[in-house]
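Single-letter residue listing:
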Amino acid sequence: MVGRLNVIPIGPVPPGLLDSLAASLSELLALQCMLSDICVDPAAAYDISRGQYDSHLLLPHLEDLARANNARVLGVTEVDIFSSVFTFVFGVARLNGVAAVISLHRLRTSFYGLPEDAELLVTRAQREAAHEIGHLFGFTHCPDRNCVMSFSSAAEEIDLKSDRFCALCQSQKN
Ligand SMILES: [Zn+2]
Ligand SMILES: [Zn+2]
């Protein structure tokens, strides 16, 4: 898999936000990040009983797109996603896989009844994306709270970590 990452919106996502994300990830991950002109419809992943979208139904389609384009894929969505036992997830990726999904739904301050903060949203999305892409690189969760591979169960925890992989995680890159 070459060092390319295609950023693909899943449902409507503000294009400016995707541009900022692709630009910051290019720098952060030393990958060539391109905004795709494809848009994936999340409708088939909707779980009517939960009122949320099943992240594991979104992944296979993104993985097909990744293989077809010989690039890793990051899907970005505004819809609320879940993963089996978890009430919600900020993102999902298979270890050493080719595609990841992140949701902006619970990264937005407005979800918590606070005013919108566009800058914080980009920072959170960038960290969550780097974390999931780290899983694609084969990185597991890291005990270093400053490392972007540390697990975050709340948005405020994402705010406490850095944008970066710690030296130990970095050394495991394959
Ligand atoms: Zn993780
Ligand atoms: Zn680490």
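For the structure, check the block above.
Bear in mind that the values here come from a model prediction, so they are computed numbers and not experimental data. (Residues numbered from 1 in each chain as written. Chains lettered and ligands numbered in written order. Predicted model: local features only at pLDDT ≥ 70, side-chain atom pairs only at ≥ 80, totals over all residues.)

Colleague: With reference to specific residues and values, describe the sheet that holds strand β4 (residues 52-54).
Modeller: Here three strands make up an open sheet; going across it, the order is β3-β4-β6 and the pairing mixed. Either end of the sheet is taken by a strand with one partner, and the two such strands are β3 (46-47) and β6 (81-82). Pairing of β3 with β4 involves two bridges; the strand directions are antiparallel. Opposite Y46, over in β4, you have Y53 as the bridge partner. Packed on one face of the sheet, helix α2 (residues 55-69) meets β4 and β6 and runs near 50° to β4. (Pairing = 2+ DSSP bridges. Helix = DSSP H or I, 4+ residues; strand = E, 2+ residues; numbered from the N terminus. Contact = placed C-beta atoms within 7 Å. Axes fitted to C-alpha atoms, helices over the stretch in contact; angles between N-to-C directions.)

Colleague: Tell me about the sheet that holds strand β5 (residues 72-77), residues and numbers included.
Modeller: Strand order in the open sheet formed by five strands is β2-β1-β5-β8-β7, and the pairing between neighbours is mixed. Each edge of the open sheet is held by one strand with a lone partner, namely β2 (32-35) and β7 (91-93). On average, each strand axis in the sheet is tilted by 20° relative to the strand beside it, whichever way the strands run. Two elements, strand β1 (residues 4-10) and β5, share six bridges in a ladder whose sense is parallel. In the strand pairing of β5, N6 is matched with V73. In the packing of α2 onto the sheet, the strands contacted are β1, β5, β7 and β8 (99-103), and the crossing angle to β8 comes to about 135°. Helix α3 (residues 118-136) contacts β5, β7 and β8 of the sheet and is inclined by roughly 155° relative to β8.

Colleague: Provide a residue-level description of the environment of I133, including the pertinent values.
Modeller: Within the element layout of this structure, I133 appears in helix α3. A residue is classified by how many C-beta atoms lie within 10 Å of it, and I133, with 25 of them, is buried. The sequence separation of I133 and C147 amounts to 14 residues, and the corresponding C-alpha distance is 14 Å. Residue contacts for I133: discarding those within four places in its chain leaves L29, L74 and A100. (Buried ≥ 20, exposed ≤ 12 C-beta atoms within 10 Å, placed from the backbone.)

Colleague: Just give me the short version of the pairing of β1, but keep the residues and values in it.
Modeller: For β1, the buried fraction is high: six of the seven residues fall into the buried class. When β1 meets β2, the two strands line up parallel, connected through four bridges. Paired with L5 across the strands is C33, a residue of β2. Crossover connection from β1 via helix α1 (residues 15-29) to parallel β2: handedness right-handed. (Right-handed = clockwise from strand over helix to strand, strands pointing away.)

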